[in-house]
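A look at the structure
Residue-level listing of the chains:
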Amino acid sequence: MTTKFFGEPVRRREDARLIIGQGRYLDDIGSGAYAAAFVRSPYAHARVLDIDVSAAMDVEGLLAIYTYEDLTGPLAEPLPVLIPHPQLTAPRTGYPLVKDVAQHVGEPIVMVVATDRYIAEDAAGLIEISYEELPVVVGVDAAEAAEHTVHDDVPDNIAARHHQETGDVEAALAASAHTFSFTQYFERSASMPMEGKGVHARWDDADSSLRVYSSTQASTSVRAAIAAKLELSMEKVEVIAPDVGGGFGVKIVHPWPEELLVPMAARRLGHEVKWTEDRREHFISSAHERQQRQEITVGYDDDGRITALDVLVWHDNGAYTPYGIIVPINTATQLCGPYDIPVYRARVNSVYTNTVIVTPYRGAGRPQGTFAMERTMDRIAQERGIDRALVRERNLIQPDQFPYDWGLTFQDGRPLIYDSGDYPAMMAKLKVLVDWDGFAARRAEAEARGKLLGIGMAPYVEGTGPGPYEGAHVQVLGSGKVLVSTGLTSQGQGHETVFAQLAAAELGVPLEDVVVTTGDTRRFGYAVGTFASRAAVVSGNAVALAARGVKEKALRIAAEVLEADPADLEIDEGLVQVKGTPGASIPLRTVAVLSNPLRYAFDEAARQATQFSGPGDDSKPPVAVGDAPGLEHTDYYSPLRSTFASGAHAVVVEIDPATWEIAIEQYAVVHDCGTIINPMIVEGQVHGGVAQGVGGALYERMAYDRDGQLTNASFMDFLMPYSSEVPDVDIDHQSTPSPLNELGIKGAGEAGVIPGSAAIASAIEDAVGRRIAAMPISPTELYDLVRSDAERVTNSSPHDSGAMA
Amino acid sequence: MKPAPFGYVDPTSVDEVLDVLTSEGEGAKVLAGGQSLLPLLSMRLAAPTTLVDINRVPGLDQISAGRDGVRVGALVRHAQLLASSEAADVQPLLGRATANVAHPAIRNRGTTVGSIAHADPSGEMTAVLALTDGSVTVATPDGRETIGWGDFFLGPLETSVHGPAVVLDAFFPALPERSGTAFAEIARRKGDYAVCGAGVVVTLDADRRVSSARAAYLSVGLVPEVHDLTDAVVGQPVDTADWTAAGELARGLVDPDGDLHASADYRRLLVATLTARTLADAGAEAARRTA
């Protein structure tokens, strides 16, 4: 391939359109559609006794009211368990509308359709539902105690017991020179995309077909789910993800009840129907993530090298398990990060609570795992009196240890084998970037100003780019335009830019000739979805392969015209030419025209391909056996297993001991996602991830009360950081290409968020000298912490000498 | 997140406003900048029968700064007040507090008088009205009436004005001579409602000794609170005044509630800290003005 465009900081091609309001988001579609609104459970756990719709029936403009009783066939069955797992022994999912018992505040009970959303909400407000309140389970501790149950037939509230180990951890702990144990908590946050979910459906009665727009990360799978649940044949359903205003994981879950109910209503009413989620609905009925209690025991030697690690995690999966146990598996398998840990055991109990479901949110279990591992590293450093960076360095997997086989099974069902990396070099870069060794002077300077300064660090390893596969179609039109389409969807990551870069680089065409379409099942029917930092790895390689197929065909056709050997041809700036022979060339667009032998000349270009336009080879059919008309190619990339990206963050916080406000003074990131297609986009992904990491560490929490009411279900009280709260980020790249795919790519989408809480907790602890046992932490909590009897903490500076014992 | 049905009128004179309010009764609600009211409508936490939009009433968008104080009309936006150097010259607290009101987009639309009429104890301008011993002018069918801040604020989101009435302006008395002011708040995110805020006025005697130190707080009580902290610092030379002691005095005087973002204890800490810091700044300004 040519290197033009590949690795260049090409500006995002989608931004101008999105920024000036020419994006086409879900709510921009179907201005004449009927509108749906939902009556959702106001109780966290309650039996629905009676639904009285009589008052609502009088509302002018009301078109339909649906309850569970109106669902038929597969729609009346529970929603699918998307990712079954043998250790998910008690999977439970809800119904599209509550059948009997609501299991969390926000679960939909009644769907109202009216001529517009205002009227739908008026009618919804008049529906009277009587409930029998049931005991509520909130938080992992209450779930474990199991005084009350979420699901009657799951008496211990445990959905899954996930267990993996690499050896006899108890023996290894017994043989360790030192051990300690501790327990810590991690709170809930959520994806919170700027655009919530939304569905628009149009039923074509004459054609018996359905077109659905959904703000989703997985349009092909939504299509399959709708076809199955509405008992339609696949070819009668098309699903399109239009411009999607962020996903971050919440939109990979499917089918959401609304993705089935809106098409159902459109079909029954014979009219377009639309539902656009509002922010309160998003808070109480979409997915959250991250709450865990972690019980950690570690064994280590005098130098701080870990000899055994045993982790028991209580993971809150909310009321249902539609996405299986992917999040707790990620915690269990990604916890060890870049460290060489001889014996490791992870046990996760995934428990039900009467709260919104927990499914992947950017990072997907890894921030919690990193929090566990990195807090362990800090404690070992403190126990042994060793610099925190040095303890980490002593435990790192070395470059000559790749491929590093953990003997564990990753979330894609494939072996957990780190493909490549250079963790010592990465940590060395980080120390330079944040001036780790020069920190004492900065701390002293802050102290002189009456401020507490602290520094922390946290590396991580992230399994990215899992299969099973993605595909791409690349086609050159007679106009010279190059169409690239993937079934994989986009939510703002910049796929229009990087996929175009890949196609342009392979094909040798100008970037502006390439048009990318993603997530439209009319254009590409086979895909998995956008999650797990996989688009660049899996779809990226598929785009390159498809473009290469087109190039091969183009060179073959051009070789005939130019009477040259295809091996002597190259394509540059859309021109196929004989290398080193100026003038011997043919435009790629002409090759595209010639690739499709024609009878009819519908335009000037097409004339060249018609049957009387020139001498043909009468001994062969116009389209050779085994060949196909058109200059296009479809190809797929199916990875053997995941690639493992890595990175390390360091953060300096300044704390005002008169207010306990926490300010981030410096945030440094070293990032390794293998070969980089577009460094500007990678940095943007890192920035966004860091913003969410800072949010999760210092601002965001889902504040459920004991009754299961989410007390901060608005942006006034759920504190997503503003740009004013997000620090500037110093980034240094490292590139260890993945040997698993030809482009050497590893994923970059989630990385920025993963070590945020771990690094920030470390820095705060370093500043105030008190043990932090839960994140996030706010100033009022920090004030409580420093006044409490929490354990005192002393970190060694890099210049102190080794172990104390 | 769609409002329940409501009627809408946009009269063009105060008399018409009062006529509509009288005929519509309790269900009518005055709309000025809408930055508090419209979200309440969208969440269906408020469902007035009629919105009486006063934005077309002429003459209410004026700031008049005179020797005795600043009068701010009911349609003056926060941004307009923030930009008014005439207002700041007469009463510097106006600009200093307004700079802390939310974000530019909200300041461009929201009105100072609207936030006072909304009577939110976490509002900056309610505190400033109290600290400056200000008042509001209320129009009713019986005529116009001036109501001092102490009689106006009854509780959170509750004022003494009932029945057909509209607040026409707020009056903030001028900063006395040999005085200085300061305003500071701590919010979880920049522009959020303050977890705690403080505005202060320090007045010196001719010998540059503290003769008065008063503070008003945001988000620490049900209504704006003004506390006289003079006892802690009275007679002390301004350059060496024990502002920390004044902060500690204030910490004992307030009785805040805890919520999701701040415990009561934490709010008391912030009262002490913000009081000491703002008094020091105000004292320094007073000293400059006593040269």
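This is a predicted model, so every value here is computed, not measured. (Residues numbered from 1 in each chain as written. Chains lettered and ligands numbered in written order. Predicted model: local features only at pLDDT ≥ 70, side-chain atom pairs only at ≥ 80, totals over all residues. Heavy atoms only, no water.)

Digging into the pattern of salt bridges
A side chain with one charge can pair with a side chain of the opposite charge if their charged atoms come near. Put simply, the rule is: A carboxyl oxygen of Asp or Glu within 4 Å of a side-chain nitrogen of Lys or Arg is what we treat as a salt bridge. Helix numbers and strand numbers start at the N terminus; a helix is a DSSP run of H or I with at least 4 residues, a strand a run of E with at least 2. Residue burial is assigned from relative accessible area. The probe radius is 1.4 Å, only protein chains are included, and a residue is buried under 20% of its type maximum, exposed over 50%, and partly exposed in between.
One pass over the full model with this rule turns up 62 salt bridges over all chains. In this structure, the salt-bridge partner of A:Glu277 is A:Lys197, at a minimum N-O distance of 2.9 Å. Placement of A:Glu277 in the loop between strand E12 (273-276) and helix H7 (279-285) and of A:Lys197 in the loop between strand E8 (178-186) and strand E9 (198-204) is noted, with a sequence separation of 80 residues between them. Across the pair, exposure class does not vary: A:Glu277 and A:Lys197 are buried alike. Look at the salt bridges and you will find they share partners, linking A:Arg40, A:Arg117, A:Glu121, A:Asp122, A:Glu258, A:Asp278, A:Glu281 and B:Arg44 into a network.

Some remarks on the sheet that holds strand E7 (residues 143-148) of chain B
All names here are of chain B. For clarity, the cut-off: Strand pairing follows a simple DSSP-based rule, namely that at least 2 bridges must link the two strands. Axis definition: a line fitted to C-alpha atoms, over the contacting stretch in the case of helices. Angles run 0 to 180 degrees between N-to-C directions.
Taken in spatial order, the five strands of this open sheet run E4-E5-E10-E6-E7, and their pairing is antiparallel. Two strands bound the open sheet, and with one partner strand each, they are strand E4 (63-66) and E7. Looking at each pair of strands side by side, their axes are set apart by 20° on average, direction ignored. Alignment of E4 against strand E5 (residues 69-73), held across four bridges, turns out to be antiparallel. Each residue of the ladder has a partner; that of Ala-65, found in E5, is Val-70.

What to know about the packing of aromatic side chains
Residues and elements named next belong to chain A. Where we set the bar: Stacked, tilted and edge-to-face are the three classes assigned to paired rings of Phe, Tyr and Trp, where Trp is represented by its six-membered ring and a pair needs centres within 6.5 Å; plane angles under 30 degrees give stacked, over 60 edge-to-face, the rest tilted.
Across all of its chains, the model carries 19 aromatic pairs over all chains by this definition. On the numbers, 6.4 Å between centres and 85° between planes, the contact of Tyr-418 with Tyr-423 is edge-to-face. In this pair, the class of Tyr-418 matches that of Tyr-423, namely buried. Summarising the aromatic geometry, the rings of Tyr-418 and Phe-644 are spaced 5.0 Å apart at their centres and angled 35° between planes, so their arrangement reads as tilted. Of the two residues, Tyr-418 sits in strand E17 (residues 415-418) while Phe-644 sits in strand E26 (residues 643-655), which places them 226 residues apart along the sequence. Classification of Tyr-418 by relative accessible area gives buried; the value is 0%. Residue classification places Phe-644 among the buried residues on the basis of a relative accessible area of 1%.

Overview of empty space enclosed by the protein
Residue and element names in this part refer to chain A. Inclusion rule: Site definitions follow a grid-based scheme: protein atoms alone, a 1 Å grid, a 1.4 Å probe that fits but cannot get out for cavities, and for pockets an open set with protein on both sides within 12 Å along at least five of seven lines, plus lining residues having an atom within 4 Å of a point. Grid points are joined across faces, edges and corners, and a volume is the space filled by probe spheres set on the points. Gly is put with the polar residues, along with every residue not named as nonpolar or charged; the nonpolar set is Ala, Val, Leu, Ile, Met, Phe, Trp, Tyr, Cys and Pro, and the charged set is Asp, Glu, Lys and Arg. Annotation comment: domain bounds sourced from an automatic or database domain assignment.
Taken as a whole and judged by the stated rule, the model has five cavities of 30 Å³ or more. Looking at the largest cavity, its volume works out to about 250 Å³. Surrounding the largest cavity, 21 residues form its lining, Leu-79, Trp-256, Pro-257, Tyr-320 and Ile-357 being those nearest its centre. Looking at the lining of the largest cavity, its residues break down into 12 nonpolar, six polar and three charged. Structurally, the lining of the largest cavity is a two-domain feature, drawing no fewer than three residues from each of domain 1 (32-134 + 197-244 + 251-285) and domain 2 (292-466 + 640-787). As for the second largest cavity, its lining consists of 14 residues, of which Phe-186, Arg-290, Pro-367, Gly-696 and Ser-757 are closest to the centre. Sorting elements by how many residues they give to the lining of the second largest cavity places helix H17 (residues 679-699) first, with three residues.

Observations regarding the environment of A:Pro415
All names here are of chain A. Note the cut-off: Between two residues, a contact is recorded if the distance between any of their heavy atoms is within 4.5 Å.
Locating Pro-415 in the fold gives a position in strand E17. Given a relative accessible area of 42%, Pro-415 falls into the partly exposed group. Distance from Pro-415 to His-45, taken between C-alpha atoms, is 40 Å for residues 370 residues apart in sequence. With near-sequence residues (within four places) excluded, Pro-415 lies in contact with Leu-408, Phe-410 and Arg-641.

So, the interface of chain A and chain B
For the record, the criterion: A 1.4 Å probe defines the accessible area here, and the buried area is the portion of it lost by two parts on being joined, summed over both. For the purposes of these results, a polar contact is taken to be a pair of N or O atoms within 3.5 Å, where, inside protein, one atom must be able to donate a hydrogen and its partner to accept one; residues adjacent in sequence count only when each atom of the pair is a side-chain atom.
The interface of chain A with chain B comprises 32 residues on the first partner and 24 residues on the second. In total, about 2,400 Å² of surface goes out of reach between chain A and chain B, with carbon and sulfur atoms giving 57% of it. Per-residue buried area on chain A facing chain B is highest for A:Tyr722, A:Thr780 and A:Tyr783; these three make up 21% of the total on that side. Linking chain A with chain B are four salt bridges. With a shortest N-O distance of 2.8 Å, B:Arg277 and A:Asp656 are connected by a salt bridge. Counting the contacts that link chain A with chain B gives 17 residue pairs in polar contact (both at pLDDT 80 or more). Of all the secondary structure elements, the ones that give two or more residues to the side of chain A that touches chain B are helix H2 (117-125), H7, H17 and helix H19 (779-787) of chain A.

Remarks on the domain arrangement of chain A
All names here are of chain A. Taken domain by domain, chain A holds domain 1 (32-134 + 197-244 + 251-285), domain 2 (292-466 + 640-787) and domain 3 (467-595 + 630-637). Here the C-alpha centre of domain 3 lies 38 Å away from the C-alpha centre of domain 2. Between domain 2 and domain 3, the contact holds 22 residues from the first and 20 residues from the second. In total, about 1,600 Å² of surface goes out of reach between domain 2 and domain 3, with carbon and sulfur atoms giving 56% of it.

Details of helix H8 (residues 124-131) of chain B
All names here are of chain B. Here H8 lies mainly inside the structure; eight of its eight residues are buried. Within the span of H8, buried status applies to Glu-124, Met-125, Thr-126, Ala-127, Val-128, Leu-129, Ala-130 and Leu-131. After H8 finishes, the residue Asp-133 shows a positive phi value of roughly 60°.

A short note on the sheet that holds strand E15 (residues 344-351) of chain A
Residue and element names in this part refer to chain A. Strand order in the open sheet made by the six strands is E7-E15-E14-E13-E8-E29, with mixed pairing throughout. With partners counted over all chains shown, the strands left at the sheet margins are strand E7 (158-165) and strand E29 (774-775), one partner each. Bridge analysis of strand E13 (residues 292-300) against strand E14 (residues 306-316) gives nine bridges, and the strand direction is antiparallel. Across the sheet, Gly-299 pairs through a bridge with Ala-308, a residue of E14. On the sheet, helix H9 (residues 366-384) packs against E8, E13, E14 and E29 and is oriented at approximately 140° with respect to E8.

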